[in-house]
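These are the residues of each chain, in order.
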Amino acid sequence: RCADGAALRWCISGTLCASFLGLGMSIAVLGPTLPTLAANVGKNVSDLYYIFVGRSLGSLGGSVVGGVLLDCMNATLLLAFSMLGTAAGLYAIPWSKESLLLTILMSVIGGSMGILDTGGNVLALYTWGAEAGPHLQALHFSFAAGAFLAPIVAQMDLGSSESQELAGAEKKNQSVLKSVPTASAALTTPAPNDHRSESFLWSYIFIGTYILLVSIFFFVLYSKSSSTRDKSKASAQKDRLAKYHWPLVGLLFVFFLFYVGAEVTYGSYVYTYAMVFAEMKESEAATLNSVFWGTFAVCRGAAIFGAAFLSPATMIVISLLCSAASSTALAFFAHYRAALWVGTAVYGASMATIFPSGIAWIEQYTVVEGKTASLFVVGAALGEMCIPVAVGYLQGRYHHVPVVMYAAFVTSIVTVLLFPAMYKLATWPQQRESQGVSDKETRKTLLSNSRLTEDEEEEEHVREWKDADFEIVEMNDKVTNSLTDTSRGIPGDSPAEVSLQPHLDDALGDHPDGSPARQNGIVDWEKSE
């Protein structure tokens with residue numbers, strides 16, 4: 001049974017990694033296929049910004065709904081249905097010919113992804129408990145790997161002629177964007193030929209089929225372990241919540257908001273910074289952007305093994321220190337090319353492990369359930385939405401200020417200050433309680449020792465009394481036997497009997513005042529003592 005349980009846990013972990021791989025591909029496939037989707041609905045690429053808004057809002061809603069449902073139903077079953085929703089949306093998107101339908105489908109996919117993001121982290125915690133650190137790192141590494149594979153999948157069915165047609169369509173699309181076309185002009189934009197549309201359709205079909213297979217695995221796991229979640233949740237409920245559970249969750253919500261916002265902001269704007277402020281060529285700026293995401297993905301893979309030897313708190317501290325050092329170099333020394341390249345690489349590496357390590361860290365101090373995990377995902381989604389928009393707005397207002405670098409520095413300082421506060425809030429009540437328990441145990445030990453000493457003294461007095469009592473009784477028995485023998489040798493009431501009678505009364509009888517002679521003997525013995 002133990003072997004079967006271990007095999008089942010590894011199957012759950014592997015299926016979760018496969019689902020996060022599909023999650024990364026589902027999100028990243030939109031980029032290279034955006035021109036074709038715009039042509040399918042008769043819009044320009046710049047007019048499809050609302051599909052990103054729809055997907056983000058769907059992700060927020062899915063995170064909240066998923067957090068509630070995780071506390072009401074089996075986690076594997078919920079993830080199976082969310083994967084089915086994602087697969088259905090991916091199958092339908094390439095066939096969408098209306099922008100409103102495309103936005104609705106994107107929202108549905110976003111909601112399914114929000115449920116998966118929340119439920120995947122919670123199910124990993126349910127499955128592995130205190131050993132969840134490496135498995136959480138593996139989940140998020142799988143997401144990065146899926147984002148890396150998505151462009152390759154999107155281009156795998158395109159031949160050289162289709163690639164040339166794509167380049168020509170993109171150039172024409174860019175010229176249309178510069179001329180700010182009217183709606184009628186947008187409608188007359190040439191769409192890709194049917195063969196190319198089918199190529200991109202197959203990329204969506206491929207990813208959707210992969211996710212459909214993963215959902216089937218979740219259904220199989222549900223049939224094998226329908227009671228796993230309930231037992232795990234019951235055991236988790238036995239654990240005491242942290243004294244400041246919700247303030248701690250709120251601080252980690254803000255922590256993830258700034259961390260994820262900084263990650264997405266730098267990854268989105270470093271290319272523009274390299275072009276405008278560092279005056280790099282397009283290829284060099286693209287390489288700098290790839291360095292950031294490359295080190296990010298590599299360190300997430302390395303963290304799978306590092307989490308087996310380092311505690312989550314240690315990994316967070318190392319990441320925050322590296323983030324603060326690299327963001328300082330980027331904010332104040334980025335005009336040096338070496339500082340820009342090294343700072344970007346270190347900054348990407350430092351951002352890789354914070355989110356999964358944060359979830360593994362808080363699980364050590366309080367119970368992480370569906371609602372709690374959904375708040376973390378919502379915080380990350382809000383940071384992804386708000387901070388890049390704020391940086392873009394400020395950069396538009398202040399053209400000569402590298403706002404993205406200062407944003408990286410400020411967010412790093414905020415996270416560096418937040419984590420010690422969270423750590424103190426998580427550990428301080430436990431330290432006080434453990435100290436109180438230790439004091440109580442010390443007092444109990446001292447009290448028991450003192451009671452033991454008193455008991456030993458009382459037992460010693462009792463033994464002395466018993467020994468003395470036995471000696472008195474033995475002496476009285478001897479006197480009685482002696483007087484009896486003497487009285488038998490004298491017939492009648494002789495003077496000797498009369499003379500001996502008072503002595504016998506003193507030894508055996510009662511005195512006229514009713515006090516026993518035996519007691520008098522004991523009292524006399526006490527006085528002699």
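For the structure, check the block above.
Described in the following lines is the structure provided in the data block. Everything numeric in this text was worked out from a predicted model, so none of it was measured.

The terminal C-alpha atoms of helix α14 (residues 337-350), which comprises 14 residues, lie 20 Å apart, in line with the 20 Å expected from a rise of 1.5 Å per residue. Those residues of α14 that sit buried are A339, L340, G343, T344, Y347, G348 and S350. All buried residues of α14 project into a common sector of 155° when viewed along the axis, lining one side. Opposite its buried face, α14 presents the exposed residues A338 and V342, each directed more than 90 degrees away.

Moving on, we come to the environment of W293. Structurally, W293 can be placed in helix α12 (residues 282-306). W293 gets classed as partly exposed once you look at its relative accessible area, which sits at 33%. Each C-alpha atom, one on W293 and one on G348, is 6.4 Å from the other, the two residues being 55 residues apart in sequence.

Moving on to the packing of helix α13 (residues 312-333) against helix α15 (residues 354-362). In the contact formed by α13 and α15, the axes pass within 8 Å of each other and the chain directions differ by 145°. Two packed elements cross with a definite hand, and for α13 against α15 that hand is left-handed. Within the contact between the two elements, α13 uses P312, A313, M315, I316, S319 and L320 and α15 uses I354, S357, G358, A360 and W361.

Time to look at helix α6 (residues 133-155). Compared with the 33 Å implied by 1.5 Å per residue over 23 residues, the 35 Å span of α6 between its first and last C-alpha is a close match. Along α6, the helix axis deviates most sharply at L149, where the bend reaches about 30°; the proline P151 sits within four residues downstream.

The next thing to look at is the nonpolar core. Counting residues in each nonpolar core, the largest one holds 100 residues, and the members touching the most others are F255, Y266, L340 and W361. Per-element accounting of this core gives the leading share, 14 residues, to helix α11 (residues 245-276). Excluding residues within four positions of it along the chain, F255 makes contact with L320, I354, T415, L418, F419 and M422.

Taken as a whole, this structure holds 2 salt bridges when the rule is applied. We note a salt bridge from K371 to D71, for which the minimum N-O separation is 2.9 Å. Of this pair, K371 sits in helix α16 (residues 370-397) while D71 sits in the loop between α3 (49-70) and α4 (75-92), and the two are 300 residues apart along the sequence. Judged by relative accessible area, D71 falls into the buried class, the value being 14%. With a shortest N-O distance of 3.1 Å, E284 and R337 are connected by a salt bridge. In this pair, E284 sits in helix α12 while R337 sits in helix α14, placing the two residues 53 residues apart along the sequence. When its relative accessible area of 37% is taken as the criterion, R337 is described as partly exposed.

To continue, consider the packing of α11 against α15. It is at 11 Å that the axes of α11 and α15 come closest, and there the two elements cross at 175°. Between α11 and α15, the angle falls in the class roughly antiparallel. Between α11 and α15, the contacting residues are L248, V249, L252, F255, F256, Y259 and V260 on the first element and I354, F355, G358, I359, W361 and I362 on the second. Broken down by class, the residue content of the contact of α11 with α15 amounts to 12 nonpolar, 1 polar and no charged.

Here S99 is to be found in helix α5 (residues 99-128). S99 has contacts with V41, K43 and Y50, leaving out every residue within four places of it along the chain.

Glancing now at the packing of aromatic side chains. The full count for this structure, using the stated rule, is 17 aromatic pairs. Both rings, one in F332 and one in F409, keep their centres 5.3 Å apart while their planes meet at 80°; by these two values the pair is edge-to-face. With F332 in helix α13 and F409 in helix α17 (residues 403-488), the pair connects residues that are 77 residues apart, well separated along the chain. F409 gets classed as partly exposed once you look at its relative accessible area, which sits at 22%. Look at W361 and Y365: their rings are 5.3 Å apart centre to centre, the planes differ by 55°, and that puts the pair in the tilted class. On the basis of relative accessibility, which here comes to 0%, the residue W361 falls in the buried class.

The rules we used
- Residues numbered from 1 in each chain as written.
- Predicted model: local features only at pLDDT ≥ 70, side-chain atom pairs only at ≥ 80, totals over all residues.
- Heavy atoms only, no water.
- Helix = DSSP H or I, 4+ residues; strand = E, 2+ residues; numbered from the N terminus.
- Expected span 1.5 Å × (residues − 1).
- Buried < 20%, exposed > 50% of the residue type's maximum accessible area, 1.4 Å probe, protein only.
- Arc of directions from axis to C-beta.
- Axes fitted to C-alpha atoms, helices over the stretch in contact; angles between N-to-C directions.
- Left-handed = near helix turned anticlockwise from the far one by under 90°.
- Contact = heavy atoms within 4.5 Å.
- Bend = angle between axes of the 7 residues up to and from the residue.
- Core = buried A, V, L, I, M, F, W, Y, C linked by side-chain atoms within 4.5 Å.
- Salt bridge = Lys/Arg side-chain N within 4 Å of Asp/Glu carboxyl O.
- Parallel < 35°, antiparallel > 145°, perpendicular 65-115°, else oblique.
- Nonpolar A, V, L, I, M, F, W, Y, C, P; charged D, E, K, R; others polar.
- Phe/Tyr/Trp six-rings, centres within 6.5 Å; stacked < 30°, edge-to-face > 60°.

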